[in-house]
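# Structural characterization, general
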Amino acid sequence: MSLFEIIIISLIKIVIAVVALLLTVAYLVYFERKISAWAQNRIGPNRVGFHGLLQPFADVFKLLLKEDIVPDAANKPLHTLAPFIALFVAFATYAVIPIGPAIHIFGYDINLVVADVNIGVLYVLALTSLGVYGITFAGWSSGSKYSLLGGVRSSAQMISYEVSMGFSIAGVLLLSESLRPIDIVNSQYGWMWNAIVQPIGFITFVVSAFAETNRLPFDLPEAEPELVGGYHTEYSSFKFAGFFLAEYANMIIASCMIVTLYLGGWQIPYIDKLGLGVTITTLLQIGAFISKVVFMLFFFMWVRWSIPRFRYDQLMNLGWKVMFPLSLVNIVWVAVLIMLFN
Amino acid sequence: MTVKKRTEDLTFFQKIYVAEIGRGLMLTLKNMFRPKVTMQYPEVKFIPPASYRGRPVLVQENNGVERCVACGLCSRVCPALAIEVQASETELEKERYPEKFEINMLRCIFCGFCEEVCPEEAIVMSKDYELVFTNREDAIYDKDKLLTSVDKLKDRLEFLRKFK
Amino acid sequence: MPKFIVDGKEIEFQQGQTIIEAAKAAGIKIPHFCWHPSLSISGNCRVCLVEVEKMPKLVIACSTYATEGMVVNTKSEKTLEARNAVMEFILINHPLDCPICDEAGECKLQEYAYAHGKGESRFEEIKNRKEKRVQLGPHIKFDGERCISCSRCIRFSDEIAKANQLTFIKRGDRVTITTFPGESFDNPYTLNTVDICPVGALTNNDFRFKSRVWEMSSNNSVCIGCARGCNTEIWVRNNEILRLTPRRNDGVNKYWMCDHGRLNTFKFVNSEDRIDGAFVRKDGQLVKNEWEAAINYAAKELKKFKANEIAFIGSPYSTCEDNFVMLKFAKSIGVTNINFLEHIIPGNQDDILIREDKTPNSLGAELVGIKSVSNGSNTDATLRSIKEGKIKALYVMEDDVASFSDEWEQALGKLDLLIVNAANQSKTTLLADILLGASTFAEKNGTFVNFQGIVQRIKPAVATEEMDRALDGMNMSRWDKFGTKYDRWMQGHKYNSKPSWKIFTLLSIELNGKLKYEMAEEIFNDIANSVESFKGLDFDLIGEQGIQIKNVNAGKRMEVKNF
């Protein structure tokens with residue numbers, strides 16, 4: 001393939017990925033509202049369009065039509081920059097998530113991933129850590145005590161949970177012997193899903209993922225009762241929409257990561273034994289990936305509307321005294337497994 | 001700060017916590033499939049019970065005369081100063097009647113003090129909760145809007161007789 | 001001074017004082033309905049029963065004389081029990097009318113029922129029915145059921161108004177009050193009975209059902225009906241005067257005021273024909289102008305005339321301050337022709353309150369230095385000069401000169417320039433070239449000097465565009481305190497008027513800058529400094545009860561005599 005072709009193919013992938021992401025985010029908000037309503041025996045949005053399906057667009061228009069307010073006390077460049085950092089990180093992370101096996105189309109071999117990086121997992125870890133800059137900047141530059149507290153909490157939380165997250169992944173890497181997401185997926189052939197092989201690692205990773213995405217029960221950076229809106233208290237209109245978008249995009253990435261690392265990625269156990277055609281297999285596998293991600297997203301929301309927020313000291317306790325030791329136990333467990341069966 | 005000790009120790013399963021989270025999740029999941037309680041408001045309307053305190057109205061007897069004698073007690077007791085009464089003389093036995101009776105629905109806080117203080121059971125809280133206006137002037141309800149036939153208020157009057 | 005003991009407290013009394021009087025003087029209140037300090041003792045309500053040691057039965061405090069060494073107990077169990085019993089007895093036939101009763105809120109029976117009543121009735125029978133809504137006289141309606149037969153009204157009309165028109169008829173619980181056959185309760189003082197009635201049996205036709213008492217604010221003032229200057233309270237709701245009531249001043253009016261003063265001296269304040277702003281005649285029509293423009297125009301017009309072509313007419317209706325500032329202003333532009341016209345109805349006078357001089361401040365106007373012209377007589381020099389064309393410009397302050405006679409009206413028509421300060425439309429304002437809205441007595445601070453030479457304060461009770469109820473220290477009702485401009489009960493019209501002294505000050509600023517008054521008190525201090533009779537006085541000294549002017553030489557008008 002020439003360089004030109006590579007660029008074109010990458011651009012097409014990027015456009016598809018971004019559009020898909022944006023649409024998903026829009027409908028995630030819709031489903032978030034629906035699921036919260038269902039959990040509370042309500043109906044949820046049902047006025048805009050058929051069963052309220054146009055609600056996300058109404059929400060977006062409303063947000064964009066609002067006045068963009070920048071507080072006098074704010075540091076204006078950083079205040080403007082912050083949501084873009086958050087957005088950039090969210091979108092950039094998406095680049096390394098594989099949604100299916102390599103396919104052969106129009107005479108090209110194409111990996112169903114924007115960038116097939118051989119250190120993909122490291123890349124994701126690095127970028128998600130960058131995401132905290134967006135939030136911390138937003139908190140500091142707003143010139144509001146609530147925002148600042150939100151920002152500070154966020155960075156502390158990120159650091160605490162990144163540790164156990166990293167150790168959980170270490171278990172996965174021990175098994176796959178690669179940092180490339182595609183390899184990791186391939187290493188979970190059959191029922192050898194990491195979630196089954198190393199359940200403790202799975203749990204610590206999922207919990208850390210909740211914390212990293214600032215979702216309930218770990219949404220302390222934006223805890224409404226105490227911090228108004230947390231780091232985005234002083235944001236409105238498009239910039240607020242930016243944070244909103246980033247939060248949901250992060251959720252998608254977290255789900256994708258969970259699926260990729262622990263739930264076998266696009267794999268359907270022993271599908272190759274059924275002797276189906278290549279195209280159908282590929283489509284089924286993409287479908288499998290998407291349904292696994294959708295389930296994880298549902299799980300995110302489900303948890304949000306079931307479990308109350310932790311107190312800050314509880315959060316730190318859990319992070320350092322429970323999650324961290326557990327992830328260490330997990331590494332030992334994986335090491336023992338490798339010693340025994342390899 | 002005083003630390004409150006639990007009266008009972010947690011069981012082992014509660015201590016694991018994961019199991020309890022699972023139970024919580026199942027609870028919300030179960031609720032997702034239960035019938036919905038939402039009323040589709042403009043199409044379906046809530047009919048309040050007799051104890052409901054909607055907008056205050058004046059009771060009008062079947063002969064067309066209002067019960068109110070314009071004593072002004074509701075106006076005096078109103079903590080939000082929503083009520084203005086102007087009395088005048090009438091040939092009827094009650095001597096006084098309200099020439100003007102206005103309730104500013106922007107001020108009203110639906111506390112029901114007016115109803116409680118009224119010596120004539122002339123002002124009562126209705127079931128009407130649909131109060132919409134687009135300017136301050138419209139929000140001031142005069143006698144025309146306040147007078148309500150006694151038949152329509154039977155529920156509330158009975159309730160008052162029982163519990164007031 | 002002899003002493004006796006009330007509730008364990010040693011109290012001095014004068015020989016001949018009753019227990020209730022002596023106790024009242026010492027600040028101990030004994031409940032009473034029928035007793036009134038300036039009426040004879042009747043002793044029929046029995047609510048003032050007190051226990052006196054060594055007396056076998058309780059005695060009524062209003063008709064038992066205090067004696068040396070007497071030990072009175074107004075709070076003993078026996079007394080309270082008796083009081084409760086009396087209250088219960090009185091309330092037997094008293095209707096539960098409070099919601100429709102005008103007296104509610106200032107009702108003695110209500111207060112005592114609250115303090116001494118049982119809170120419930122043991123009376124199971126049907127209450128007495130008596131005549132309600134009886135028109136006793138032109139101003140008074142009587143409700144027989146509410147009456148507790150204390151006889152205050154009867155004694156008042158006999159002893160104070162000297163008109164024997166009321167009496168009790170029937171006996172027992174059927175007793176009621178009526179006029180003598182063929183008579184109507186009609187004398188100049190009837191409405192005082194409404195004030196002294198301890199319940200709401202007597203109501204004022206004019207005020208009946210207008211307002212609950214707690215909805216109004218009251219401010220102290222002085223009646224402008226005649227030279228007596230009865231002390232009054234002005235009751236205002238929604239910036240509208242609803243009634244006047246007399247205020248106690250033993251040196252002037254005691255507890256009373258006449259019906260004319262009570263009914264006819266406040267309605268013009270809120271009437272339709274108020275001059276609301278400043279007007280200038282343009283093409284034969286009076287056109288409303290901004291104050292600044294009108295004052296500017298007036299100053300320009302005044303400049304066109306020589307000093308001896310201008311005359312000023314002051315007013316015995318205006319305060320001393322207004323007249324004084326007018327005088328100073330006139331003198332500052334060289335005018336010497338300054339008078340005011342008397343309003344005397346000869347013979348319309350009694351030896352109770354009413355005076356034949358129908359203005360509140362003719363003595364004050366004279367004292368500050370304005371000459372009086374007897375009753376606007378047609379032979380007056382000013383009138384002559386106008387007719388002869390010597391005087392071409394006339395400034396009339398707060399007086400309806402044209403209504404004196406046709407001659408005056410014609411003379412005013414001849415003038416080249418007529419400037420009028422007036423509160424209401426009149427024949428004079430119709431002729432005015434420049435018409436400036438003047439504040440009434442209820443809208444300004446100032447002083448009146450009554451015919452006895454007592455200087456009395458008036459205080460604002462009605463807000464104007466420049467007098468704010470809160471900022472200018474008027475008393476406020478609950479409505480006034482919490483109202484906003486969006487509340488209909490706060491939207492009472494505020495007139496765009498100014499007190500005359502302010503108008504002259506503004507004119508002076510335009511013309512020569514000699515007068516710089518900002519408030520009435522400054523002017524009075526100036527008067528006190530420059531006028532012999534007012535030496536050493538200030539607003540604080542005058543207080544609520546007024547103060548007698550000393551070393552006056554005011555001639556015929558002054559009459560130091562209490563009634």
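Being a predicted model, the structure only gives us computed values, none of them experimental.

### Comments concerning the overall build of chain C
- Broken down by element type, chain C carries 16 helices and 24 strands.
- Taking 2.2 N^0.38 as the reference for a compact globule, 563 residues should give roughly 24 Å; the C-alpha atoms of chain C span a radius of gyration of 27 Å, in line with that estimate.
- Considered along the principal axes of its C-alpha atoms, chain C spans approximately 85 × 50 × 50 Å.
- Every one of the 563 residues in chain C was classed for burial, and the buried ones make up 56%.
- Carbon and sulfur atoms provide 50% of the accessible area of chain C, an area that totals close to 24300 Å².
- Each charge class in chain C was averaged separately, 74 positive and 76 negative side chains, and the resulting centres sit 1 Å apart.

### With respect to the pairing of strand S2 (residues 9-12) of chain C
Residues and elements named next belong to chain C.
- Pairing of strand S1 (residues 3-6) with S2, which is carried by four bridges, proceeds in the antiparallel orientation. The partner of phenylalanine 4 across the bridge, within S2, is isoleucine 11.
- In textbook terms, the turn of a hairpin is the stretch between consecutive antiparallel strands, and for S1 and S2 this stretch comprises two residues, one of which, aspartate 7, has a positive phi near 50°.

### Here we look at a nonpolar patch on the surface
Residue and element names in this part refer to chain A.
- Among the surface-exposed residues, Val15, Val19, Leu23, Leu54, Phe57, Phe61 and Leu65 lie close enough to one another that they form a single nonpolar patch of about 710 Å² accessible area.
- Elements with a contribution of two residues or more to the nonpolar patch: helix H1 (3-39) and helix H2 (55-65).
- Topologically, valine 15 is positioned in helix H1.

### Focus: the interface of chain B and chain C
- Contact with chain B, which involves 30 residues of that partner, is made by 26 residues of chain C.
- Here chain B meets chain C over a buried area of about 2400 Å², counting both sides, of which 44% is carbon and sulfur.
- Counting the surface chain B buries against chain C, the share from its top three residues, Leu81(B), Glu95(B) and Arg96(B), is 28%.
- In this structure, the connection of chain B to chain C is made through nine salt bridges.
- Of the charged contacts, one joins Glu93(B) and Arg129(C) as a salt bridge, the two residues approaching to 3.6 Å between their closest N and O atoms.
- In this assembly, chain B and chain C are joined by 13 residue pairs in polar contact (both at pLDDT 80 or more).
- At the level of elements, helix H3 (73-77), strand S2 (83-89) and strand S3 (96-104) of chain B are the ones that each hand at least two residues to the side of chain B that touches chain C.
- For the side of chain B that touches chain C, the element with the most residues is S2(B), which contributes seven residues.
- Counted by class, the side of chain B that touches chain C contains twelve nonpolar, six polar and twelve charged residues.

### Comments concerning the sheet that holds strand S4 (residues 123-125) of chain B
Residue and element names in this part refer to chain B.
- Taken together, the three strands give an open sheet; going across it, the order is S4-S1-S6, and neighbouring strands pair in mixed fashion. Edge positions in the open sheet fall to S4 and strand S6 (147-149), since each of these has one partner strand only. When strand polarity is set aside, the average angle formed by the axes of neighbouring strands in this sheet is 55°.
- Of the strand pairs in this sheet, strand S1 (residues 56-60) and S6 are connected by three bridges, and their pairing is parallel. Paired with leucine 58 across the two strands is leucine 147, which belongs to S6.

### A word on the arrangement of the chains
- Contacts are most numerous between chains B and C, considering all two pairs of chains that are in contact.
- If you take every C-alpha in chain A and every C-alpha in chain C, the smallest gap between them is 30 Å, and the two do not touch.

### A few points about the interface of chain B and chain A
- In this assembly, 17 residues from chain B lie in contact with 16 residues from chain A.
- Considering only the surface of chain B that becomes buried against chain A, Leu25(B), Met32(B) and Lys36(B) emerge as the three largest contributors, covering 38% of it.
- Where chain B meets chain A, there are one salt bridge.
- Taking the shortest distance from any N to any O, the salt bridge between Glu43(B) and Arg47(A) comes out at 3.1 Å.
- In this assembly, chain B and chain A are joined by eight residue pairs in polar contact (both at pLDDT 80 or more).
- Looking at the side of chain B that touches chain A residue by residue, the class counts come to nine nonpolar, five polar and three charged.

Conventions we followed
Residues numbered from 1 in each chain as written. Chains lettered and ligands numbered in written order. Predicted model: local features only at pLDDT ≥ 70, side-chain atom pairs only at ≥ 80, totals over all residues. Heavy atoms only, no water. Helix = DSSP H or I, 4+ residues; strand = E, 2+ residues; numbered from the N terminus. Rg over C-alpha atoms; globule rule 2.2 N^0.38 Å. Buried < 20%, exposed > 50% of the residue type's maximum accessible area, 1.4 Å probe, protein only. Areas by Shrake-Rupley, 256 points an atom, 1.4 Å probe, with all protein chains shown as cover. Lys, Arg positive; Asp, Glu negative; His and termini not counted. Charge placed at Lys NZ, Arg CZ, Asp CG, Glu CD. Pairing = 2+ DSSP bridges. Patch = residues over 30% accessible without salt bridge, like charges linked within 9 Å, V, L, I, M, F, W, Y side chains within 5 Å. Salt bridge = Lys/Arg side-chain N within 4 Å of Asp/Glu carboxyl O. Contact = heavy atoms within 4.5 Å. Buried area = accessible area lost by both parts, 1.4 Å probe. Polar contact = N/O pair within 3.5 Å; in protein donor to acceptor, adjacent residues only side chain to side chain. Nonpolar A, V, L, I, M, F, W, Y, C, P; charged D, E, K, R; others polar. Axes fitted to C-alpha atoms, helices over the stretch in contact; angles between N-to-C directions.

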